[in-house]
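One letter stands for each residue in the lines below.
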Amino acid sequence: MKIGCLIAQVTLPGNNFTIEGVDQSRYDGLAQCSVNSFKKFHPEVELHYVNDSNLSEYYEKYFKSFELVDHIGIVRYMLAYDIMLQNKYDKLIILGCDTITCDKMDEFINNNEDILATLNYPCQESTDYWTTPYFEVSPGVYDHGNINADVVCFNNPDALKKVIELSIEHYTYFAEQGALNELAWVDKSYSVKIVDFPYPTSPVVYNARSKGVFGTNMIVNGVLAKHGPLDGQPSPLKYFRVDNNKLYTGDNKQVKCFHFIEGLGGRSDKEFNTIMNDFKYKWFNAETIKFFKEQCGCSEFFN
């Protein structure tokens, strides 16, 4: 089985999730952590790390199937499609450059649905084309089926192509993430498995759910924010623990991939630097930082 992975750290001028003129080198430390951690647990996977320094090379070799649009998320999926086709990958994993891989992604490698997706924050989102569902998992236990686009595995290039087409034909603020949700819940032309859904019964977590909050800007200086009377209490991240060189949440889910998911692209340099310091020094307990350094190849970032 031939597997590829794409981590992209590039910007298109004017795209609506990034401040024009921001130097993308500010992501270097975090992106290198994403790259190192994925390589650590998946040495057999061909990793494509695309940044401003090698984008022109990738542009010449790939980008053959679609006319480019001015949205980095959609363009990243276009690049992934051509990488998957030209390299004849059986699987293509796409990761954001603000992720830390914490163990082998068995749920991606061992499942064969057309799309293997992961959960976004536990909230309902919608457009004119789709609404994320809210399920009763068991009597009195509910969960949101909201998919995030930054930790995903495609086993079928046609399914990836369909996501790209939907993201353009039904373009909204949510872009390729909206298209993923539309395909999963409305279009249904390809099979989709959310590998950490439903969260209450899942033994693993791959994305936003490990943070234990409902959205961005809800963990500030390591404590809860925008939580009303709970403001100032330790965030759920402070209750992470390490057992037998594996990272677990406070509710006993193994963290396979941690996703910071704080809308970094749209932040000014001042905001960006503030939240980077939060990530490095205030979000996590000492045990977790030690794990990231020693097990995930992230010493440079957390130093």
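What you see is a predicted model; the values in this text were computed from it and never measured. Numbering of residues starts from 1 in every chain and runs along the sequence as written. Local features in this predicted model are restricted to residues whose pLDDT is 70 or higher, and side-chain atom pairs enter the listing and the counts only when it is 80 or higher, whereas totals over whole chains, interfaces and linings include all residues. Values reported for side chains reflect all heavy atoms of the structure, with hydrogen atoms and water molecules removed beforehand.

Turning our eyes to something else, we now look at the packing of aromatic side chains. Between the rings of Phe, Tyr and Trp (Trp by its six-membered ring), a pair exists once the centres lie within 6.5 Å; its type follows the angle of the planes, with under 30 degrees stacked, over 60 edge-to-face, and the other angles tilted. With the rule as written, the count across this model stands at 26 aromatic pairs. Ring centres 5.6 Å apart and planes at 70° place the aromatic pair F66 and Y81 in the edge-to-face group. Taken together, the residues F66 in the loop between α2 (55-61) and α3 (72-86) and Y81 in helix α3 connect sequence positions 15 residues apart. The interplanar angle of 20° and the centroid separation of 5.3 Å between the aromatic rings of F292 and F302 together place this pair among those described as stacked. Of the two residues, F292 sits in helix α8 (residues 286-296) while F302 sits in helix α9 (residues 299-302), which places them ten residues apart along the sequence. Taken as a pair, F292 and F302 share a single burial class, namely buried. Aromatic rings pair up to connect F240, F258, F260, F279, W283, F284, F291, F292, F301 and F302 into one cluster. For a ring to carry a charge above it, either NZ of a lysine or CZ of an arginine must fall within 6 Å of the ring centroid while also lying within 35 degrees of the normal to the ring plane. In this arrangement the basic side chain of K253 is found over the ring face of Y199, its NZ or CZ atom lying 5.0 Å from the centre. For the purposes of this entry, the term helix denotes a DSSP run of H or I that reaches at least four residues, the term strand denotes a run of E that reaches at least two, and both are numbered from the N terminus. Accessible area is worked out with a 1.4 Å probe on protein chains only. A residue is then buried under 20% of its type maximum, exposed over 50%, and partly exposed in between.

By size, the foremost hydrophobic cluster in this structure holds 94 residues, and its most contacted members are Y77, I100, F154, F258 and F292. Should any heavy atoms of two residues lie within 4.5 Å, those residues are counted as being in contact. The contact partners of F154, leaving out residues within four places of it in the chain, are Y77, M84, D90, K91, L92, I94, D114, I115, A159, L160, V163 and L180. Put simply, buried Ala, Val, Leu, Ile, Met, Phe, Trp, Tyr and Cys residues joined by side-chain atoms within 4.5 Å make one nonpolar core.

This part is about the state of the cysteines. Disulfides are defined as cysteine sulfur pairs within 2.5 Å. Tallying each qualifying case throughout the model produces one disulfide. The side chain of C33 participates in a disulfide bridge whose partner is C298; the two sulfur atoms lie 2.0 Å from each other. Around the S-S axis, the bridge from C33 to C298 shows a dihedral of about 90° and counts as right-handed. Placement of the pair is C33 in helix α1 (residues 28-41) and C298 in the loop between α8 and α9, with a sequence separation of 265 residues. One exposure class covers both C33 and C298, and it is buried. No disulfide involves C97; its sulfur sits 11 Å from the nearest other cysteine sulfur, which is in C33. For the unlinked cysteine C153, the closest cysteine sulfur is that of C5, found at 9.2 Å.

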